[in-house]
Amino acid sequence: SRPDGAGTPPGPPPAPQDGELLHKKVPMQRWCVTRDDLVHFQGLVLRAVREGSIQPTDRDPFDPADTSIGPNIHTVTRQYIKPVTAAAGGMSWAL
């Protein structure tokens, strides 16, 4: 995947899983985020900003046109990570 989000597989998102069960079944040592995952995540965030899913707030007035300095982690967590992981079944991003 590329940082601009290109290369993301087409089609529907994966079916939701049971996040609580996964946290119990998958040993903590197996939770991970690789460098490739971070590069892919950067592309997802850039696309979410471009599409308006992540927007500036009073506490984070970032410029959506600036691809070098974007939203802070609090904004990304609140507007992107939490909704995506909730829709996927409530597991952490690392699972």
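Keep in mind the model is a prediction, meaning the values are calculated, not measured. (Residues numbered from 1 in each chain as written. Predicted model: local features only at pLDDT ≥ 70, side-chain atom pairs only at ≥ 80, totals over all residues. Heavy atoms only, no water.)

**Some thoughts on a nonpolar patch on the surface**
Thinking step 1. Together, Val33, Leu38, Val84 and Trp93 give the surface a local cluster of nonpolar side chains, amounting to about 320 Å² of exposed area.
Thinking step 2. By secondary structure assignment, the location of Leu38 is in helix H2 (residues 35-51). (Patch = residues over 30% accessible without salt bridge, like charges linked within 9 Å, V, L, I, M, F, W, Y side chains within 5 Å. Areas by Shrake-Rupley, 256 points an atom, 1.4 Å probe, with all protein chains shown as cover. Salt bridge = Lys/Arg side-chain N within 4 Å of Asp/Glu carboxyl O. Helix = DSSP H or I, 4+ residues; strand = E, 2+ residues; numbered from the N terminus.)

**Remarks on H2**
Thinking step 1. The first and last C-alpha atoms of H2 sit 24 Å apart over 17 residues, in line with the 24 Å expected at 1.5 Å per residue.
Thinking step 2. In this structure, the buried side of H2 is in contact with helix H3 (73-87).
Thinking step 3. Positive backbone phi, approximately 90°, marks Gly52, located one or two places after H2. (Expected span 1.5 Å × (residues − 1). Contact = heavy atoms within 4.5 Å.)

**Let's talk about the layout of surface pockets**
Thinking step 1. Roughly 250 Å³ of internal volume is contained in the second largest pocket.
Thinking step 2. Lining the second largest pocket are 16 residues, and of these Val45, Leu46, Thr67, Gly70 and Pro71 lie nearest its centre.
Thinking step 3. Of all the elements, H2 adds the most residues to the lining of the second largest pocket, at 6 residues.
Thinking step 4. Its residues placed into classes, the lining of the second largest pocket shows 9 nonpolar, 4 polar and 3 charged. (1 Å grid on protein atoms, 1.4 Å probe; cavity = no way out; pocket = protein on both sides within 12 Å on 5 of 7 lines; lining within 4 Å. Points joined across faces, edges and corners; volume = space filled by probe spheres on them. Nonpolar A, V, L, I, M, F, W, Y, C, P; charged D, E, K, R; others polar.)

**A closer look at the environment of Phe62**
Thinking step 1. One can find Phe62 in the loop between H2 and H3.
Thinking step 2. Residue class for Phe62 comes out buried when judged on its relative accessible area of 8%.
Thinking step 3. On a C-alpha basis, the gap between Phe62 and Asn72 in space is 8.1 Å, while along the polypeptide they are 10 residues apart.
Thinking step 4. Ignoring anything within four residues of it in the chain, the contact list for Phe62 reads Val49, Ile54, Gln55, Pro56, Gly70, Pro71 and Thr75. (Buried < 20%, exposed > 50% of the residue type's maximum accessible area, 1.4 Å probe, protein only.)

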